[in-house]
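For reference, the chains in residue letters:
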Amino acid sequence: MSAPTTTYRECCKQAIRAALLADPRVFLMGEDVGRYGGCYAVSKGLLDEFGPERIRDTPLSESAFVGAGIGAAIAGMRPIVEIMTVNFSLLALDQILNNAATIPHMSGGQFAIPLVIRMATGGGRQLAAQHSHSLEGWYAHIPGLKILAPATLEDARYMLAPALLDPNPVLIFEHIMLYNLEGVLDPAVTSVDIEHAAIRRPGRDVTLVTYGGSLPETLAAAETLAREGIEAEVIDLRVLRPLDEATILESVRRTRRCVIVDEGWRSGSLSAEIGMRIAEQAFYELDAPLRRVCSAEVPMPYAGHLERAALPNRERIAAAVRTLLRPGS
Amino acid sequence: MGLFRMPSLGADMEAGTLVEWLVKPGDSVKRGQVVAVVETQKGAIEVECFEEGTVEELLLAPGQKVPVETPMARIRAPGEVPAAAAPAAPPPPAAAPAAAPREAPSVAKAAAPPPPPPPAPTAGPKVSPAARRRALELGVPLDRIHGTGPDGAITVADVEAAARGAAAEAPTPAPAPAGPVSPKAEAVRAAPRRGFDPVEMRKAIAAAMSRSKREIPHYYLATTVEMARALAFLEAVNRERPPPERLLPAVLLLKATALALREVPELNGFWVEGGFRPGPGIHLGWAISLRGGGLVAPAIHDVDARPLPELMAALRDLVGRARNGGLKSSELADATLTITSLGERGAEAVLPVIYPPQVAMVGFGAIVRRPWVDDEGGLVARPVVQVSLAADHRASDGHLGSRFLAAIADHLQRPESL
């Protein structure tokens, strides 16, 4: 018999549910996570099952409830803090950078901060320039944080458990276009690591490095290219900090070409960091210039056609690859 | 200001047709850089430039046929002011008095012409880092590889294709022109860029060989050289080497000839204007027969100074390029003496026809097993080769020629000296 179809959203919920069931120190806190069920409906039904002590609606103050989560973690709890969207997390940036990422260091390791912060990221739903950006690259800049970007059902379902076990703050970025992703959860997978990138599609001609919401588009581009005789290898970073350099470099040394797909803005982005590391460590293996497909450097437009034009998509990814392998076309 | 002219690629060449420019105005060029492809009777030849500087103006368009020595491009020497900008460069003297009353002290400085801009770094072909390294590993010169990567960059695949000996560039035999051909640039461009036209090739050979037999009083000498020691030496050397790098007997013959020429330099050079002019180095032409008929004898430079493995690689490379196109102008013009070696399936002896204006040609027959009287007076079967010399009696006499053949024979008896 075949396993039932599920969604990325449901996997996120089941991950939280399993954590709540497994450890009484775990609780969920954030704006509209309780009675409303979460603005992307991830926590729908959890209030009824676990009660208001463990599914806590908070005031609209990111700084306050992220700070409360840090305090709770220091005091021995295992909080899961949900921030509605990455744009709003900037209100809590002081808590995240100056406290969560820093206190374990400044206390000489006396205070662990086993905090998990989940937030939605990315564009594609016409939510305009204050709700649609991909700022996870900024967080990947910060030492002391671990940054995760689940892009598959399995990662959505199983990354939370090791994140809660980590004594350091872990940020999980859930791309809004992935919540409706449907599929069958691989029954063979019951846990995942939060250290390594994954090769989602092997290939010999070019390495496509991506993560999160860009993974499905990148895989679609790889299929298009395969029909043209170009075999692209697709790497899903999964962990944006610390970066799994070994997987990236091993692949690029084989294919000798790399296109980085990053929904963030190009300037000073995660794609820039990855490209530079390849240049630093695999320069002599390269057979073509590095290329990037990023979002247009504009505040995300509201209009649907402009938003589509601003985001990386399969056509742009395939076109970037062709400039390396079919320069004439 | 230098002029780049239609080169003479052999004594028999009168004119050439420009097929393609490989540079454009504003490009930096170096001495020895291939800058154009010229169609001659010997096929399309990559022509090198002997000026250093910046291409100022191209004077010929592809498709134009011009006599040898016709200027093809103007090349500005490094530091030289561009022709168009030249009048503007020195400040007009009238400006100085106008400025003088107010800024007298700075006039001298202002009047000094600005220092010439540093020459732009030479923009060579784009090569990927991996391709550059691969080319180094394979010993493939980058300047004759055609890039297929982004922006025409040379990729690993291009290097490997070149190393496979032009397997990538299909050796389509250049078709002989069928029917009347319009003498337009398009016709030239449409023709395969490389490869020899057998009809034109035949004409070139006819012209050069007729001139040779008409003008040069040949004398001929021959001797038989026992090759057992040389072949044993090769076998020992080759035991250590993978098949693609093994040395062939040809390379011993080539090097022995070069070393003999060091001892008898009177045979290395040209007969010009009623006298002998020594060659500038020992650059040996190697006669290569082409599959469609005809032959070319491109030069390997400085043979006497190069080790055997390097010469072997050069020989292989040259044969590949001669048969598939891509010879350079210096290779066609520079030979100071030519060798013809008939190879294992060839005849036992050859009496060569000198390629003018050279003054000698050396021939090697096939290496064959023949009865031989050894040092003890016993009759044994040994590998032997017939070495022959055709020399210009205007430039040398038989005594000198004999010394030369003896020197070749001597070097072949001491293969470790090669």
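Here goes a summary of the coordinates provided. Predicted model only: the values in this text are computed from it and were never measured. (Residues numbered from 1 in each chain as written. Chains lettered and ligands numbered in written order. Predicted model: local features only at pLDDT ≥ 70, side-chain atom pairs only at ≥ 80, totals over all residues. Heavy atoms only, no water.)

### Notes on the overall build of chain B
No. 1: From N to C terminus, chain B includes 10 helices and 19 strands.
No. 2: Here chain B, with 418 residues, has 43% of them falling under the buried criterion.
No. 3: If you take every contact in chain B between residues at least 6 apart in sequence, the share linking residues at least 24 apart comes to 63%.
No. 4: When the accessible surface of chain B is summed, it comes to about 20,900 Å², and 58% of that surface belongs to carbon and sulfur atoms. (Helix = DSSP H or I, 4+ residues; strand = E, 2+ residues; numbered from the N terminus. Buried < 20%, exposed > 50% of the residue type's maximum accessible area, 1.4 Å probe, protein only. Contact = heavy atoms within 4.5 Å. Areas by Shrake-Rupley, 256 points an atom, 1.4 Å probe, with all protein chains shown as cover.)

### Side note on the packing of aromatic side chains
Each aromatic ring pair is described using two quantities: the centre-to-centre distance and the angle formed by the ring planes.
Residues and elements named next belong to chain A.
No. 1: Under the definition given, this model contains five aromatic pairs over all chains.
No. 2: When the centroid spacing of 5.8 Å and the interplanar angle of 70 degrees are considered together, the rings of Tyr-8 and Tyr-179 count as edge-to-face. Residue Tyr-8 is located in helix H1 (residues 8-22), and its partner Tyr-179 is located in the loop between strand S7 (170-175) and strand S8 (182-184); the two are separated by 171 residues in the primary sequence. Each of the two residues, Tyr-8 as well as Tyr-179, counts as buried. (Phe/Tyr/Trp six-rings, centres within 6.5 Å; stacked < 30°, edge-to-face > 60°.)

### As for the pairing of strand S10 (residues 269-272) of chain B
All names here are of chain B.
No. 1: In the sheet, S10 pairs with strand S11 (residues 275-278) via four bridges, with the strands oriented antiparallel. Of the residues in S11, the one forming a bridge with Val-272 is Gly-275.
No. 2: What sits between the antiparallel neighbours S10 and S11 is a turn of two residues, in which Glu-273 has the positive phi angle 50 degrees. (Pairing = 2+ DSSP bridges.)

### Thoughts on empty space enclosed by the protein
Residues and elements named next belong to chain A.
No. 1: One pass over the full model with this rule turns up seven cavities of 30 Å³ or more.
No. 2: Of the voids in this model, the largest cavity is the one considered here, and its volume is about 60 Å³.
No. 3: Lining the largest cavity, in full, are Cys-12, Ala-15, Ile-16, Arg-118, Pro-150, Asp-155, Ala-156, Met-159, Leu-160, Ile-172 and Glu-174.
No. 4: Mapped by element, the contributors of at least two residues to the lining of the largest cavity are H1, helix H8 (153-158) and S7.
No. 5: For the lining of the largest cavity, the leading source of residues is H1, giving three residues. (1 Å grid on protein atoms, 1.4 Å probe; cavity = no way out; pocket = protein on both sides within 12 Å on 5 of 7 lines; lining within 4 Å. Points joined across faces, edges and corners; volume = space filled by probe spheres on them.)

### Some points on the interface of chain B and chain A
No. 1: Listed by partner, the interface residues are 12 residues for chain B and 12 residues for chain A.
No. 2: Buried area between chain B and chain A, both sides added, is near 830 Å², and the carbon and sulfur share of it is 59%.
No. 3: Interface area lost by chain B to chain A is led by Pro-129, Arg-133 and Pro-150 of chain B, which between them contribute 57%.
No. 4: For the interface between chain B and chain A, the tally reads one salt bridge. (Buried area = accessible area lost by both parts, 1.4 Å probe. Salt bridge = Lys/Arg side-chain N within 4 Å of Asp/Glu carboxyl O.)

### Quick word on helix H5 (residues 93-100) of chain A
Residues and elements named next belong to chain A.
No. 1: Of the residues making up H5, those classed as buried are Gln-95, Ile-96 and Ala-100. For H5, the arc enclosing every buried residue in end-on projection is 95 degrees, short of the 170-degree limit, so these residues lie on one face.
No. 2: Elements that come into contact with the buried residues of H5 comprise helix H3 (62-74), helix H4 (86-89), helix H6 (103-106), strand S5 (116-121), helix H7 (136-139) and S7. (Arc of directions from axis to C-beta.)

### A short note on the pattern of salt bridges
Side chains carrying opposite charge are able to pair once their charged atoms draw close together.
No. 1: In total, this model carries 38 salt bridges over all chains according to the counting rule given.
No. 2: In this structure, the salt-bridge partner of Glu-137 of chain B is Arg-134 of chain B, at a minimum N-O distance of 2.7 Å. Residue Glu-137 of chain B and its partner Arg-134 of chain B are located together in helix H2 (residues 129-138), separated by three residues, close to a single helical turn.
No. 3: Judged by relative accessible area, Glu-137 of chain B falls into the exposed class, the value being 53%.
No. 4: A residue is classified by how much of its surface remains accessible, and Arg-134 of chain B, at 25% relative accessible area, is partly exposed.
No. 5: Between Arg-262 of chain B and Asp-304 of chain B there is a salt bridge whose closest N-O contact spans 3.0 Å. In this pair, Arg-262 of chain B sits in helix H7 (residues 249-263) while Asp-304 of chain B sits in the loop between strand S15 (299-300) and helix H8 (308-324), placing the two residues 42 residues apart along the sequence.
No. 6: For Asp-304 of chain B, a relative accessible area of 16% puts it in the buried group.
No. 7: When salt bridges that share partners are traced, they join Asp-155, Asp-193, Arg-200, Asp-236 and Arg-238 of chain A into one network.

### Topic: the sheet that holds strand S13 (residues 258-265) of chain A
All names here are of chain A.
No. 1: The five strands are arranged S9-S11-S10-S13-S14 in an open sheet whose pairing can be described as mixed. Every other strand in the sheet has two partners, leaving strand S9 (198-201) and strand S14 (291-295) as the edge strands with one partner each. For this sheet the average axis-to-axis angle between neighbouring strands, irrespective of direction, equals 25 degrees.
No. 2: Where S13 lies against S14, five bridges are found, and the strand directions are parallel. (Axes fitted to C-alpha atoms, helices over the stretch in contact; angles between N-to-C directions.)

### Remarks on the environment of Leu-93 of chain A
Residue and element names in this part refer to chain A.
No. 1: Take Leu-93: it is sitting in helix H5.
No. 2: What makes Leu-93 partly exposed here is its relative accessible area of 29%.
No. 3: Sequence spacing of Leu-93 and Glu-62 is 31 residues, and the spatial spacing of their C-alpha atoms is 8.9 Å.
No. 4: Once you skip the residues sitting within four places of it in the chain, Leu-93 turns out to touch Asn-98 and Tyr-139.

### Describing the side chain of Arg-201 of chain A
All names here are of chain A.
No. 1: Looking at the secondary structure, you find Arg-201 in strand S9.
No. 2: Of the residues examined, Arg-201 reaches a relative accessible area of 12% and is grouped as buried.
No. 3: For Arg-201, the side chain forms a polar contact with the side chain of Glu-231, separated by 3.2 Å.
No. 4: A distance of 3.0 Å separates a polar side-chain atom of Arg-201 from the backbone oxygen of Ala-232.
No. 5: Once residues lying within four places of it in the same chain are set aside, the contact partners of Arg-201 are Leu-219, Ala-222, Glu-223, Ala-226, Glu-231, Ala-232, Glu-233 and Val-234. (Polar contact = N/O pair within 3.5 Å; in protein donor to acceptor, adjacent residues only side chain to side chain.)

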